[in-house]
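Remarks on the overall topology
Okay, here's what each chain looks like letter by letter:
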Amino acid sequence: MSDTTTEDHAAASDDHTARVDDRPGDSADGRSARVDSGFRTAARTGYRLLADVALITLWVLFCTLLFLETAWPRWAFYGVLLGGVAIYVSITAPWVDRPRGAE
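To start, this report covers the structure provided alongside it. Since the model is a prediction, treat every value here as computed from it, not as a measurement.

Comments concerning the pattern of salt bridges
- By the definition in use, this model includes one salt bridge.
- Residues R48 and D52 are paired through a salt bridge, measuring 3.5 Å at the closest nitrogen-oxygen approach. You can see R48 and its partner D52 sitting in helix α2 (residues 28-70), four residues apart, about one turn around the helix.
- For R48, a relative accessible area of 24% corresponds to the partly exposed category.

A short note on the packing of aromatic side chains
- Per the counting criterion, the structure on display carries four aromatic pairs.
- Their ring planes at 80° and their centres at 5.2 Å tell us that F67 and W72 sit as a pair that is edge-to-face.
- The exposure class of F67 is buried, given its relative accessible area of 8%.
- For the pair F67 and F77, a centre-to-centre distance of 5.5 Å together with 70° between the ring planes defines the contact as edge-to-face. Of this pair, F67 sits in helix α2 while F77 sits in helix α3 (residues 74-92), and the two are ten residues apart along the sequence.

Describing unusual backbone geometry
- Non-glycine residue A71 carries a positive phi angle of around 60°.
- Counting through the fold element by element, A71 comes out in the loop between α2 and α3.

Side note on the nonpolar core
- In this structure, C63, F67, A76, F77 and L81 together form the largest nonpolar core, which totals five residues.
- Only α2 and α3 provide two or more residues apiece to this core.
- In terms of residue count, α3 provides more of this core than any other element does, three residues in total.
- Apart from residues no more than four positions distant in its own chain, F77 is found in contact with C63, T64 and F67.

As for α3
- Between its terminal C-alpha atoms α3 stretches 27 Å, which fits the 27 Å expected from 19 residues at 1.5 Å a residue.
- Burial in α3 covers these residues: A76, F77, L81, Y88 and T92. When α3 is viewed along its axis, its buried side chains cluster within an angular range of 135° and face the same direction. Exposed and facing more than 90 degrees away from the buried side of α3 are W75, L82 and I87.

Rules of the game
Residues numbered from 1 in each chain as written. Predicted model: local features only at pLDDT ≥ 70, side-chain atom pairs only at ≥ 80, totals over all residues. Heavy atoms only, no water. Salt bridge = Lys/Arg side-chain N within 4 Å of Asp/Glu carboxyl O. Helix = DSSP H or I, 4+ residues; strand = E, 2+ residues; numbered from the N terminus. Buried < 20%, exposed > 50% of the residue type's maximum accessible area, 1.4 Å probe, protein only. Phe/Tyr/Trp six-rings, centres within 6.5 Å; stacked < 30°, edge-to-face > 60°. Core = buried A, V, L, I, M, F, W, Y, C linked by side-chain atoms within 4.5 Å. Contact = heavy atoms within 4.5 Å. Expected span 1.5 Å × (residues − 1). Arc of directions from axis to C-beta.

This is the structure:
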């Protein structure tokens, strides 16, 4: 009797697995496309973040070295620094993908 019960539980668990895997509209291709799209989005975001950090770091370094060499006033340093970052943000903001309805 215990062999029959074990086989019934195995068959029941196989049926449950088959029902979960055979959901309509959830094929392996759909899942892999979503994962691929998510990976691509994460990679693009990471690349964009690294590029932004590198360019802003270079701008800060350039401004710092320039103002240390020329002994210009500190208020001008902060103005040039923030102005350069503001210009960079205004130039790169249109690169962001916006929904079609937002245009």
